[in-house]
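Below, each chain spelled out in residue letters.
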Number of protein chains: 2
Amino acid sequence: MSIHSIKPAQLNALATDLNATFQTLQNEQLNLDITRGKPSPEQVSLSDKLDGILGNDFLSKTGEDTRNYGNLRGLQEVREIGSSILKTPETQVFAGGNSSLSLMHMVAMLQHSYGTKTAQPWQSLDTPTFICPVPGYDRHFSVCQTLNINMITVPMLATGPDMDAVEKLIQENDQIVGMWCVPRFSNPTGCTYNDATVTRIAKLGTIAKPYFRIFWDNAYAVHSLSDDAPVLSSVWDECVKYGTEDIIWQFASTSKATFAGAGVAWTASSTDNLAAFEKLLGITTIGADKVNQLRHARLLPDMAALSAHMQFHAEILKPKFDIVFTALENELSEYGSWTHTDGGYFISFDANHGLASEIIALAAQAGLKLTPAGATYPYGEDPEDRNIRIAPSFPSEEELRKAMQIFTVCVKLATIRQAIDQAS
Amino acid sequence: MSIHSIKPAQLNALATDLNATFQTLQNEQLNLDITRGKPSPEQVSLSDKLDGILGNDFLSKTGEDTRNYGNLRGLQEVREIGSSILKTPETQVFAGGNSSLSLMHMVAMLQHSYGTKTAQPWQSLDTPTFICPVPGYDRHFSVCQTLNINMITVPMLATGPDMDAVEKLIQENDQIVGMWCVPRFSNPTGCTYNDATVTRIAKLGTIAKPYFRIFWDNAYAVHSLSDDAPVLSSVWDECVKYGTEDIIWQFASTSKATFAGAGVAWTASSTDNLAAFEKLLGITTIGADKVNQLRHARLLPDMAALSAHMQFHAEILKPKFDIVFTALENELSEYGSWTHTDGGYFISFDANHGLASEIIALAAQAGLKLTPAGATYPYGEDPEDRNIRIAPSFPSEEELRKAMQIFTVCVKLATIRQAIDQAS
């Protein structure tokens, strides 16, 4: 059944039914939230033994007393885990504190205000501009806005950013200083960049200005929901192949592996870039929390341990993603489109043009909090007002079922109302 | 005996003796370091039970799950500890991550690039300038240099900064945007600002431009070595008295109370200032490590617990300070001057004019690392080349005795050589 084939009288009947269902849901006075990619209590509990794991042994494997000051690059054993996650040599990896976002902000500040060996400061340009594949991640956009960096969008495809568009922009616009990427299980579409895209991204260094930088936020590097989830190739290896190591800043964290607010984060880049970063980092801190780094090395000593740990997360998360996909498939196949994902934290739903704000407002009235309309676009402006990000991780399965019931009713109601308006 | 009364022949004999002693020390091939205010392993061990202290209870007293995201202001119970330390209402206090230096840098960046409700961004001025009482702390100066903030010095007196000089500068120079303060057991002189100085500082807000800010780095707020150590009055209460709350940014941390690299830090300021700070903070992070904050609240639930804990630190530190003072008194009363302190981490020694670099170089030859000459002055330039900061906390008592033996010999040798040069 296509909505467009329904006759006006039927539309009105449908609207009446949906209004009644909506009213019933509203009367339940629910308070549900699927806005942010927040692990559930069950998930964070998987890492409870972090507290007490050190058993009074605070020495790193190289003999450092983690309780004291020093070592801006982070513990070797923690840099090694980052190295495995990012498929990048340990020599190129820094381990930091609890926030990869802080690392991204600091790197952006470094490139913007100070520059690096091969890059003039972005602020010396007229209109430093980032390429933002959309839909994307609001916190990335906020970093750019705070530094007064302009943003231009390119479409996100199933294979990653539209590389034809990216290459064209870089060739035509010398103000392009960078691009945001969430290369595996992209936020929010869930796509994983295919090998050809990773290669083309690495090759951007051969056509871009020397100050061009990729912010490779590999937030969901090990966050797959199934064994046959798509694999991401090593962007570092590709950059080495083309001699473009200076263009890449990689990021990762354990925020969605251990404790969301109390994990460790990494950045990886070229030797010259890291030297500049270390200098700035040393102005702002005497070092990250190495005790917590050591806890993580003890809990997740290698990739085998990490993979086993992530498997437990997948067992909790997979049924939640299934609830969302089932609801979308059963209820909304005629009302919008969405992307399937085998990992990450989000599902990206596109309603009919012009309906996202309306759906989100309706959901709020029925007690379901959704990410604000436009959040997945720079400046909070979704030009077609249709993208909605669904984050199924935090609520219980029961709450999520109820949330999806509200969501699907709101999507239908908004769509039918639009159809009635258009028919009249 | 005054050096100036010694005859040239005696000077030469003294030099010969000192050279021989110096040679003997050099032959020991020592490797000692009294450069940084780093707690000793014994001191950090006082807090070993931080790891495992949560006993699987990760909920804050307000019921927050500390393992998850959120709460930029930090846990209430940790803000309460900060409130007691800073003698400032809990509503004005943020609890952060492991580094007060990071908070200072971020506040400086906030005021410099973005401004706050009552302050235009410093970067909108021609020559934003900080007042730096000297000798002072090199990491403070680095924050200014990184943000391209000019620095002007004023003398540090036994009562705190020379307030006549400070007030004059503020009245005469509209480019003055701030001042660094380490108000209790100042780094490195060890002085504690007396009540009159604290009051005059609070009153600066009545004569300064609206963008003027005090960076009140209360790093050693609870770090006294004796029960009758001087007490610091509440700068917040004074600011309230004069309606100048917007001028004050306070900072503190547990870096020298629990684990040096893995503690918690605080900042406190006016409601308007904190609102602007929270906004910027929210761009750069989703929040500090609340699990570690909770560990600290459990270890140090109130001021009584904190005071008892700091008493253990004092018992370890006091004998080390005594070793330094004894060596200085016994050996160097004719060769320089120093300030006595009842707390903090440093002793400030002034050699004869023009000798600090020479003494530090000699000490390095004999295997003793001292803070680089000039480090206690902006731009690393001690105009009289005489100040040397001694940090006695990290070495063992035995090592420290040896270090002071080297130090005193080097001071004497450099002084006698200078006297010989001047006599010839």
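Quantities reported herein were computed from a predicted structural model and do not represent experimental measurements.

A. Representation of the overall build of chain A. Each helix and strand counted, chain A has 13 helices and 13 strands in total. With respect to the three principal axes, the spread of C-alpha positions in chain A is 75 × 55 × 35 Å. Scored against the burial criterion, the 424 residues of chain A give a buried share of 61%. In chain A, of all internal contacts separated by at least 6 residues, the share reaching a separation of at least 24 is 76%. A total of about 15600 Å² of accessible surface is found on chain A, and carbon and sulfur atoms cover 49% of it. Across chain A, the 32 positively charged side chains and the 47 negatively charged ones have centroids separated by 3 Å.

B. View of the interface of chain A and chain B. Listed as interface residues are 52 residues of chain A and, on the opposing side, 52 residues of chain B. When chain A packs against chain B, the two sides together hide about 3900 Å² of surface, and 52% of this comes from carbon and sulfur. Inspection of the chain A/chain B interface yields four salt bridges. Between A:Asp48 and B:Arg67 there is a salt bridge whose closest N-O contact spans 2.8 Å. Secondary structure elements with two or more residues in the side of chain A that touches chain B: α2 (41-45), α4 (100-114), α5 (138-146), α9 (271-284) and α10 (290-299) of chain A. Of the residues in the side of chain A that touches chain B, the class split is 23 nonpolar, 19 polar and 10 charged.

C. Main features of the confidence of the model for chain A. On average, residues of chain A carry a pLDDT of 97, and 100% of them reach 70 or more. Prediction confidence for the complex, expressed as pTM and ipTM, is 0.97 and 0.96 respectively.

D. The sheet that holds strand β9 (residues 265-268) of chain B, seen in detail. Residue and element names in this part refer to chain B. Spatially, β2-β9-β8-β7-β6-β3-β4-β5 is the arrangement adopted by the eight strands of the open sheet, whose pairing is mixed. The open sheet has two edge strands with one neighbour each: β2 (93-95) and β5 (160-161). As paired strands, strand β3 (residues 129-134) and strand β6 (residues 176-181) are joined by three bridges and run parallel to one another. The partner of Thr 129 across the bridge, within β6, is Ile 176. Where helix α4 (residues 100-114) meets the sheet, its contacts fall on β6, β7 (213-217), β8 (248-253) and β9, and the angle it forms with β8 comes to roughly 160 degrees.

E. Inspection of unusual backbone geometry at higher detail. That bond from B:Val134 to B:Pro135 is cis: its omega, -5 degrees, falls within 30 degrees of zero. Residue B:Pro188 is bonded to the preceding B:Asn187 through a cis peptide linkage, with omega at 5 degrees. Among the structural elements, B:Pro188 can be located in the loop between β6 and α7 (195-207). Phi angles above zero are rare outside glycine, and A:Asn148 is one such case at about 60 degrees.

F. Expanded view of the nonpolar core. A:Phe130, A:Phe215, A:Phe277, B:Phe130, B:Phe215 and B:Phe277 are the most contacted members of the largest nonpolar core, which has 68 residues in total. With residues up to four places along the chain from it excluded, the contact list for A:Phe215 reads A:Met104, A:Val107, A:Ala108, A:Trp122, A:Phe130, A:Met179, A:Trp180, A:Cys181, A:Trp249 and A:Phe251.

G. The pairing of strand β4 (residues 150-157) of chain B, seen in detail. All names here are of chain B. Relative to β4, β3 runs parallel, the two being bridged by six bridges. Across the sheet, residue Cys 132 finds its bridge partner in β4, namely Thr 153. With helix α5 (residues 138-146) bridging β3 and the parallel β4, this β-α-β connection has right-handed handedness. Of the pairings in the sheet, the one linking β4 to β5 comprises two bridges and is antiparallel in character. If you follow Leu 157 over to β5, its bridge partner there is Gly 160. Between β4 and the antiparallel strand that follows it, β5, lie two residues.

Rules and cut-offs
Counting restarts for each chain, with residues numbered from 1 along the sequence as it is written. Each chain gets a letter, beginning with A, and each ligand a number, beginning with 1, in the order they are written. Note on the predicted model: pLDDT of at least 70 is required for a residue's local features to be given, and 80 or more for side-chain atom pairs to be given and counted; whole-chain, interface and lining totals, by contrast, use all residues. With hydrogens and water excluded, all non-hydrogen atoms of the structure serve as input to the side-chain values. The way it works is that DSSP assigns letters per residue, a run of H or I at least four long becomes a helix, a run of E at least two long becomes a strand, and they are numbered from the N terminus. Here's how the labels work: a residue is buried when its accessible area is under 20% of the maximum for its type, exposed when over 50%, partly exposed in between, all with a 1.4 Å probe on protein chains only. What makes two residues a contact is simply this: any of their non-hydrogen atoms within 4.5 Å. Only the protein chains shown count as cover for residues, with accessible areas throughout obtained via the Shrake-Rupley method and a probe of 1.4 Å. Counting rule for charge: Lys and Arg are taken as positive, Asp and Glu as negative, and neither His nor the chain ends is counted. For the purpose of locating charges, the reference atoms are NZ of Lys, CZ of Arg, CG of Asp and CD of Glu. Summed over both partners, the accessible surface that disappears when two parts come together, traced with a 1.4 Å probe, is what is meant by buried area. Each reported salt bridge corresponds to a side-chain nitrogen of Lys or Arg within 4 Å of a carboxyl oxygen of Asp or Glu. Gly is put with the polar residues, along with every residue not named as nonpolar or charged; the nonpolar set is Ala, Val, Leu, Ile, Met, Phe, Trp, Tyr, Cys and Pro, and the charged set is Asp, Glu, Lys and Arg. On a range of 0 to 100, pLDDT expresses the predictor's confidence in each residue. By this definition, two strands are paired if DSSP reports at least two bridges between them. Only the stretch in contact is used when a helix axis is fitted, and all axes are lines through C-alpha atoms; the angle between N-to-C directions ranges over 0 to 180 degrees. By nonpolar core we mean a set of buried residues, namely Ala, Val, Leu, Ile, Met, Phe, Trp, Tyr and Cys, connected to one another through side-chain atoms within 4.5 Å. Handedness of a crossover is defined as follows: orient the strands so they point away from the viewer, and if the path from the first strand over the helix to the second runs clockwise, the crossover is right-handed.

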